[in-house]
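Secondary and tertiary structure notes
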Amino acid sequence: MKKLSIIGMPMDLGQMRRGVDMGPSAIRYAGVNERLKSLFEHIHDLGDIAIGRPEVEIDPDTNLRNLELIADKTGQLAEKVDEVIKGGSFPLVLGGDHSIAIGTLAGVSRHYKNLGVIWYDAHGDLNTAETSPSGNIHGMPLAASLGIGHPLLTGIGGYSPKVKPENIVIIGARALDEGEKELVKEKGIKVYTMHEIDRLGMARVMEEAIEYLRDRTDGVHLSLDLDGLDPNDAPGVGTPVIGGISYRESHLAMEMLAEAELITSAEFVEVNPILDDKNKTASVAVALMGSLFGEKLL
């Protein structure tokens, strides 16, 4: 891909901790445009989708936080991503909390019959209003993209589902709720927890994931939550879980995806500079983007 389009999605409506709305700014400040300019012929930074400062709303029927607002804003993101792909550009979305993935996937999936998804995350994000302990929609985007959950979320873009369970690989999981575990088993979703990463090594995990997706998909979206990494390497996230993927393992994963030429769209989410140490997490995100898009050490 010769063209890259960057879309900022400064949305913090899917959870309760303020600051993740500044994630796109932090990633830009960490030099994303400068880092990637040698890897693409053209980079277009399309700025941020306007979110404003809406009041928190809790849906009385479902206990979901900011349901209608998230449906509206992720719908706008879906249109923008769709437009970028139609223009022959690679869409790179900067978050924002992980609820934005509902919109990214709605925009991307229109262009593929069998879209694959790599969900690089400490969490499964497979909750629904019935299984969520919090009502926070940033724990639901993968379920919504599978067509499971509230119709306002599953119906973004006017169609559902966006992805099939057999086309998903979750990497780095170490904090799954009971309802999510049941859904993983019921749908047969491929998950590499930290147990598999420790036992097999990241190289083997990525080899298997790439082989698995290459055979069954016509495009692959990478949804990378910075809390997939260990909090020592990426402290600026809203829901850190100790015992995560290391910085070096993450670079290896991105380098292997670059070599495989598998990824057709990507988003990096949950960078919260308020919780960060000297913009470390945004800098990690930018470095990983460099590896994903083919930057070489030598």
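Residues numbered from 1 in each chain as written. Predicted model: local features only at pLDDT ≥ 70, side-chain atom pairs only at ≥ 80, totals over all residues. Heavy atoms only, no water.

The chain has the name Arginase in an unreviewed UniProt entry, where Bacillus infantis is given as its organism. In its Pathway (unreviewed entry) section, the UniProt record describing the chain reads: "Nitrogen metabolism; urea cycle; L-ornithine and urea from L-arginine: step 1/1." Here is the UniProt Sequence similarities (unreviewed entry) comment for the chain, exactly as written: "Belongs to the arginase family." (UniProt positions renumbered as here; feature names shortened; annotations may be inferred.)

**A few points about the pairing of strand β5 (residues 168–173)**
Here β5 lies mainly inside the structure; six of its six residues are buried. Where strand β4 (residues 115–120) lies against β5, four bridges are found, and the strand directions are parallel. Counterpart to Val-117 in the pairing with β5 is Ile-168. For β5 and strand β6 (residues 190–193), the ladder comprises four bridges, and the chain directions are parallel. Within β6, the position partnered with Ala-173 by the bridge is Thr-193. Handedness of the β5-helix α7 (residues 178–187)-β6 crossover: right-handed. (Buried < 20%, exposed > 50% of the residue type's maximum accessible area, 1.4 Å probe, protein only. Helix = DSSP H or I, 4+ residues; strand = E, 2+ residues; numbered from the N terminus. Pairing = 2+ DSSP bridges. Right-handed = clockwise from strand over helix to strand, strands pointing away.)

**Things to note about the sheet that holds strand β2 (residues 42–48)**
Strand order in this open sheet of eight strands is β2-β1-β3-β8-β7-β4-β5-β6, and the pairing throughout is parallel. At either margin of the open sheet sits one strand with a lone partner, and together these are β2 and β6. Looking at each pair of strands side by side, their axes are set apart by 15° on average, direction ignored. Pairing of strand β1 (residues 3–9) with β2 involves five bridges; the strand directions are parallel. For Leu-4, the partnering residue across the bridge sits in β2 and is Ile-43. (Axes fitted to C-alpha atoms, helices over the stretch in contact; angles between N-to-C directions.)

**Focus: helix α9 (residues 202–214)**
When the terminal C-alpha atoms of α9 are compared, their 18 Å separation across 13 residues agrees well with the 18 Å that a helix rising 1.5 Å per residue should span. Looking at the buried residues of α9, the elements they touch are β4, β5, β6, α8 (194–200), β7 (219–225) and α10 (247–260). (Expected span 1.5 Å × (residues − 1). Contact = heavy atoms within 4.5 Å.)

**So, the nonpolar core**
Note on soluble globular proteins: their nonpolar side chains tend to be buried together. Core analysis: the largest hydrophobic core is formed by 50 residues, its most contacted members being Ile-171, Leu-222 and Phe-268. Setting aside anything within four residues of it in sequence, one finds Leu-222 in contact with Ile-118, Tyr-120, Met-254, Leu-257, Ile-263, Ser-265, Ala-266, Glu-267, Phe-268 and Leu-292. In terms of nonpolar packing, the next biggest core, distinct from the first, is built from 45 residues, Ile-51, Ala-71, Leu-105 and Val-269 among them. (Core = buried A, V, L, I, M, F, W, Y, C linked by side-chain atoms within 4.5 Å.)

**Regarding the environment of Pro-60**
Relative to the assigned elements, Pro-60 resides in the loop between β2 and α3 (67–86). Placed 22 residues apart in sequence, Pro-60 and Asp-82 show a C-alpha to C-alpha distance of 32 Å.

**Some points on the packing of α10 against helix α11 (residues 280–292)**
Packing of α10 against α11 brings their axes to within 7 Å, and their N-to-C directions diverge by 30°. Looking at the two axes, α10 sits roughly parallel to α11. Seen from α10, the contacting residues are Tyr-247, Ser-250, His-251, Met-254, Glu-255, Leu-257 and Ala-258; seen from α11, they are Val-284, Ala-287, Leu-288, Ser-291 and Leu-292. Split into classes, the residues belonging to the contact of α10 with α11 amount to eight nonpolar, three polar and one charged. (Parallel < 35°, antiparallel > 145°, perpendicular 65-115°, else oblique. Nonpolar A, V, L, I, M, F, W, Y, C, P; charged D, E, K, R; others polar.)

**Observations regarding the pattern of salt bridges**
In this structure the tally under the stated criterion is eleven salt bridges. Two residues, Asp-82 and Lys-86, come together in a salt bridge whose shortest N-O distance is 3.1 Å. Of this pair, Asp-82 and Lys-86 both sit in helix α3, separated by four residues, roughly a single helical turn. The class for Asp-82 is buried, based on a relative accessible area of 6%. The exposed category is assigned to Lys-86, whose relative accessible area is 63%. (Salt bridge = Lys/Arg side-chain N within 4 Å of Asp/Glu carboxyl O.)

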